[in-house]
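Architecture and fold: a report
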Amino acid sequence: IKQSGEINAGPTNEHYRRHLHRMRDLLKGATGLVLDVGCDNPLIGASLLPPTSHYIGLDPFCTNESEFRVIGVGEFLPMQTGSCNCVMFNTSLDHIMDWRRAIAEAGRVLVDGGILYVCSLVWTDNADLISDTVHFHHFREYELLGSLGDFEIIQIRRYDYKGDSHRHGIYLSARKLGDRRQGI
């Protein structure tokens, strides 16, 4: 499946520049190996991280050649268990068919205490997917938060999205709970 058409705002778009600023702020504590699931352009994702991290972008589409990119999908991460310090979904989780499996996969590849970063739109009303050709999901906030049972939420920030009253942006970080939580 290949998406077509413009799905991301351009680099001069005011809302996109605000988003990048918010993501840099969310990711400022990222260290070690960071996997960016659904990276699109890996050069952008890599630019959001502090120098204390090592970036790997993962995306199913191979339109850009980059040393940072791995071809794959969020539901089946091609990484060893416990191999990543951080996993991020930078506006990509709603593009993943089985997003709950993608969250579980993120938990699998994270080290105990590793950090999950999620940025997405959440809907309070009008979450209609019929006319949306690039998103598989329009999340309600309780869906996202409810999928994080193996994580401890560290931070949640909500932002206005283009003045819309029916949706807003959410930026969250969550720590993977270790063996104590899982009863091992």
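Note that the coordinates shown come from a computational prediction; the quantities given were computed from them, not determined experimentally.

Definitions and limits used
- Residues numbered from 1 in each chain as written.
- Predicted model: local features only at pLDDT ≥ 70, side-chain atom pairs only at ≥ 80, totals over all residues.
- Heavy atoms only, no water.
- Pairing = 2+ DSSP bridges.
- Helix = DSSP H or I, 4+ residues; strand = E, 2+ residues; numbered from the N terminus.
- Axes fitted to C-alpha atoms, helices over the stretch in contact; angles between N-to-C directions.
- Buried < 20%, exposed > 50% of the residue type's maximum accessible area, 1.4 Å probe, protein only.
- Contact = heavy atoms within 4.5 Å.
- Core = buried A, V, L, I, M, F, W, Y, C linked by side-chain atoms within 4.5 Å.
- Salt bridge = Lys/Arg side-chain N within 4 Å of Asp/Glu carboxyl O.

Structural notes on the sheet that holds strand β3 (residues 69-71)
- What the 7 strands build is an open sheet, ordered β3-β2-β1-β4-β5-β7-β6; its pairing is mixed. Bordering the open sheet on either side are β3 and β6 (151-160), each of which pairs with just one other strand. Along the sheet, successive strands turn relative to each other by an average axial angle of 20°, direction set aside.
- Summarising the sheet, strand β2 (residues 53-59) and β3 pair through 3 bridges and their orientation is parallel.

Considering helix α3 (residues 99-109)
- The complete set of buried residues in α3 reads W99, A102, I103, E105, A106, G107 and V109.
- Turning to α3, the residues buried within the fold contact β1 (32-37), β4 (84-90), β5 (110-123), α4 (141-146), β6 and β7 (167-176).

Brief notes about the nonpolar core
- Of all hydrophobic cores here, the largest spans 27 residues; its most connected members are L35, V37, V87, F89, L93, I103 and L116.
- For this core, the elements supplying multiple residues, two or more each, are β1, β2, β4, α3, β5 and β7.
- Among residues more than four places away in sequence, those in contact with V37 are L58, G74, L77, V87, M88, F89, S92 and I96.

Quick look at the pairing of β7
- Counting buried positions along β7 gives 9 out of 10 residues, so the element sits mostly inside the fold.
- Pairing between β5 and β7: 9 bridges, direction antiparallel. Bridge pairing in β7 places I115 opposite R175.
- Sheet topology places β6 next to β7; 9 bridges connect them, and they run antiparallel. By the bridge assignment for β7, F151 is matched with K176.

Topic: the pattern of salt bridges
- All chains considered together, the criterion is met by 8 salt bridges.
- R158 is the salt-bridge partner of E141, the closest N and O atoms lying 2.5 Å from each other. Remark: R158 occurs in strand β6 and E141 occurs in helix α4; sequence separation between them is 17 residues.
- Through salt bridges that share partners, D25, K28 and R157 make up one connected network.

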